[in-house]
Amino acid sequence: MNINQDHTSRVFKISCVGFIVYGIFIRLFHFVSNRSLYTDEGYLGYNLLARNFSELAEPLEANQHAPLFFLWIEKLNMSLFGTSEYALRLFPLIIGILSIFLFYYLCKQLEFNQVATLAGMIVFTTAFPLVYYSSETKQYIVELAATLCSYLLYYHFNSEKRFSALSLYALSGALLVWFSYPVIFILVSISFVHLLMLALQKKWSPFFVMAIVYAIWGISFLVNFAVIILPNSLKTNTIVDMWTTEFAPLPPYSINDIKWYGIMIFKLFHEPLNLNWTFLESWFPYPLLFSFLGLLFMVWGTCHYFKKKKEKLGLFILPVLIALIASGVHRYPFTERFLVFLVPNFLILVCCGVEQFYNKFSSYSRPIVLIVIVWLVIPPVFTSVKDIIQEEQFGGWKRREIKKGIRYLSEHKKNDEFIFINGVAYSFQYYNKVYHLNWPYAMLWNGDKLNNQVGQKAVLDDIYTKSSGKKFWVIVAGDLSEDVGANHKDQFLHFFKENFNQLQYYKAKGVYVGQFSHK
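First, a word on scope: everything that follows refers to the structure included in this document. Every chain is numbered independently, its residues counted from 1 as its sequence is written. At least 70 in pLDDT is required for a residue's local features to be given in this predicted model, at least 80 for side-chain atom pairs to be given and counted, and no such filter applies to totals for whole chains, interfaces and linings, which use all residues. Here the side-chain values reflect all heavy atoms present in the structure, with hydrogen atoms and water set aside.

Here the focus is helix H3 (residues 68-81). Only DSSP runs of H or I with at least four residues qualify as helices, and only runs of E with at least two residues qualify as strands; both kinds are numbered from the N terminus onward. Multiplying one less than the number of residues by 1.5 Å gives the expected span of a helix. End to end, H3 covers 20 Å across 14 residues, agreeing with the expected 20 Å (1.5 Å per residue, within 8%). When a residue's accessible area, from a 1.4 Å probe over protein chains only, is under 20% of the maximum for its type it is buried; when over 50% it is exposed; and in between it is partly exposed. Taken residue by residue, H3 has Leu68, Phe70, Leu71, Glu74, Lys75, Asn77 and Met78 as its buried positions. Every residue pair with non-hydrogen atoms within 4.5 Å of one another is taken to be in contact. Considering only its buried residues, H3 is in contact with helix H2 (39-50), helix H4 (85-109), helix H7 (140-157), helix H10 (204-232) and helix H17 (427-434).

Pasting the structure below:
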């Protein structure tokens, strides 16, 4: 029996180390591949390029929103290492790799068995969103790391009585809110659950001590809210306008409102969890690709915590409920990238369900139980392997090969020829500056102007004036379907093809470059 346990333990350790190494490798692989900046990266990169440290505390251009300390570290990297994609993506890469170890330590802290820990580690190391955001110049992987740090800090310090330790606990939480906006959902949940547990146990001395610690967290957030969040992110309604369909209908009044929650659950298991079988969408109806197994384990884990470990239920469920409420009042979109910070919460519930499933049925047929668990983790593993083999497709619709388009322009464009870009091609501005190209260009935003004759005439006059009646170039970023009415990118390109003569063009993943002349 001991020999079998030793063998099992050895297999677990080798497998766990193997996936940790693999997770680090795929993050480094996609970092080194050095794909072109995505539109939002271009937005943020241009802000970092044009501003000093103090100016980054002011509202950013192009509706960009990011925590101040994240921006400062990005600016510091740019100052030290230059303006390449590597410098911009270095901080997310380091945090993405560090997060692997943080999640492992959290699983150990929660005392999951080896099977549940390994299942969680496989998903965490290979899930596409976590790999992708580890090499994107955005704050989402940092927000995830802030969540992990919050829970690890809680488990390390929640019973501390030493002043030095409590001071470090207070300072750490106070700093996290400057690296991540949504971490406040986690910190509020930790504060509420911990103080409630102390009150129920009538431990009033530690209750008041911890209340002071958590008050320091709250004060830090309020300062951040007043100085950064309110004047920057909440000053306009851009978040509401851009993410109207991603706010939770609270309370749900109609069938469509109820459907929203069903769709949200499907999308949650697609991104950020990557547990749906959507890579088989060419062979099976889309609803059948849902990870019913993942949902089963998540519900099972939630029920187990509700029955036997209510403290953990509060710690990991309450942030989700707070995020839903914030979404219901149109302050936080409940979708995709905005839920990356909650991946540890959802995965912990799944891991708990896996553990309960294994403990209940492994005595009957351990091989079948293990096959079921392997079935759960196949989608992220398959996706990660596919993204290595087909690296040029990594990122999906967010992959926009602007650098390839610029290379084509360098070979074919004459110096005096003007360039028009659509709003999604914002990263062109970044490259135009850092490559010292200094090409003359203008951005034509995809708006209502192209939908009526008066607006179209104004745009045509503007194009003629800027191009001086000569040949000019057009850059369109984003997936093009060749269907005129499919999306604003197709409409933008169709406008030029209809009103001008296309002389030559080049297409790569997510980018179109074309030369036109006046009719």
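Moving on from the coordinates now.
For the rest of this paragraph, the subject is unusual backbone geometry. Note the cis peptide between Leu250 and Pro251, where omega equals -15°. Following the sequence through the fold, Pro251 ends up in the loop between helix H11 (238-242) and helix H12 (255-270). A positive phi angle, close to 60°, is found at Lys202, a residue other than glycine. Locating Lys202 in the fold gives a position in the loop between helix H9 (183-200) and H10. Classification of Lys202 by relative accessible area gives exposed; the value is 63%. One non-glycine residue, Asn274, lies in positive phi territory at about 60°.

Should DSSP find at least two bridges between two strands, the strands are taken to pair. Pairing in this open sheet of five strands is mixed, and the strands run S2-S1-S3-S5-S4 from one edge to the other. The open sheet is flanked by strand S2 (441-444) and strand S4 (500-508), the only strands paired with a single partner. Here the average twist between neighbouring strands, direction ignored, is 20°. Pairing of S4 with strand S5 (residues 511-518), which is carried by eight bridges, proceeds in the antiparallel orientation. Looking at the pairing, Gln504 lines up with Gln515 of S5. Sitting on the sheet, H17 is in contact with strand S1 (418-422), S2 and strand S3 (472-477), with an inclination near 165° to S2. Only C-alpha atoms enter the line fits that serve as axes; for helices the fit covers just the stretch in contact. Angles between N-to-C directions range over 0 to 180 degrees.

What follows deals with the packing of aromatic side chains. Each Phe, Tyr or Trp ring (for Trp, its six-membered ring) is paired with any other whose centre lies within 6.5 Å, and the angle between the two planes then decides the class: stacked below 30 degrees, edge-to-face above 60, tilted in between. Inspection of the entire model under this criterion finds 62 aromatic pairs. With 5.5 Å between their ring centres and 85° between their planes, Phe185 and Tyr332 make a pair best called edge-to-face. Taken together, the residues Phe185 in helix H9 and Tyr332 in the loop between helix H14 (310-328) and helix H15 (343-389) connect sequence positions 147 residues apart. The exposure class assigned to Tyr332 is buried, which follows from its relative accessible area of 11%. An aromatic cluster is present here, built from Phe128, Tyr132, Tyr133, Tyr140, Phe185, Trp243, Tyr332, Phe338, Phe341 and Phe394 joined pairwise through their rings. The ring of Phe306 carries the charged tip of Lys310 above its face, separated from the ring centre by 5.0 Å. Two conditions define a charge located above a ring, namely a distance within 6 Å from the ring centre to NZ of Lys or CZ of Arg, and an angle within 35 degrees of the ring normal.

Next up on the list: the nonpolar core. The nonpolar side chains of soluble globular proteins are, as a tendency, buried together. Judged by nonpolar contacts, the single largest core of 147 residues is most densely connected at Tyr169 and Ile475. For this core, the element with the most residues is H15, which contributes 15 residues. Residue contacts for Tyr169: discarding those within four places in its chain leaves Leu153, Tyr154, Phe157, Ile190, Met210, Val213, Tyr214 and Trp217. Buried Ala, Val, Leu, Ile, Met, Phe, Trp, Tyr and Cys residues form a nonpolar core when they are joined through side-chain atoms within 4.5 Å. If you look at the next biggest cluster of nonpolar residues, it comprises 16 residues, including Leu444, Phe492, Phe495 and Phe516.

A side-chain nitrogen of Lys or Arg and a carboxyl oxygen of Asp or Glu constitute a salt bridge if their distance falls within 4 Å. All told, the structure shown has 12 salt bridges when counted by the stated rule. In this structure, Arg337 engages Asp40 in a salt bridge whose closest nitrogen and oxygen atoms are separated by 3.2 Å. You can see Arg337 sitting in the loop between H14 and H15 and its partner Asp40 sitting in helix H2, a full 297 residues away along the chain. In this structure, Glu41 engages Arg89 in a salt bridge whose closest nitrogen and oxygen atoms are separated by 2.9 Å. Pair noted here: Glu41 is in helix H2 and Arg89 is in helix H4, with a separation of 48 residues, a long-range link.

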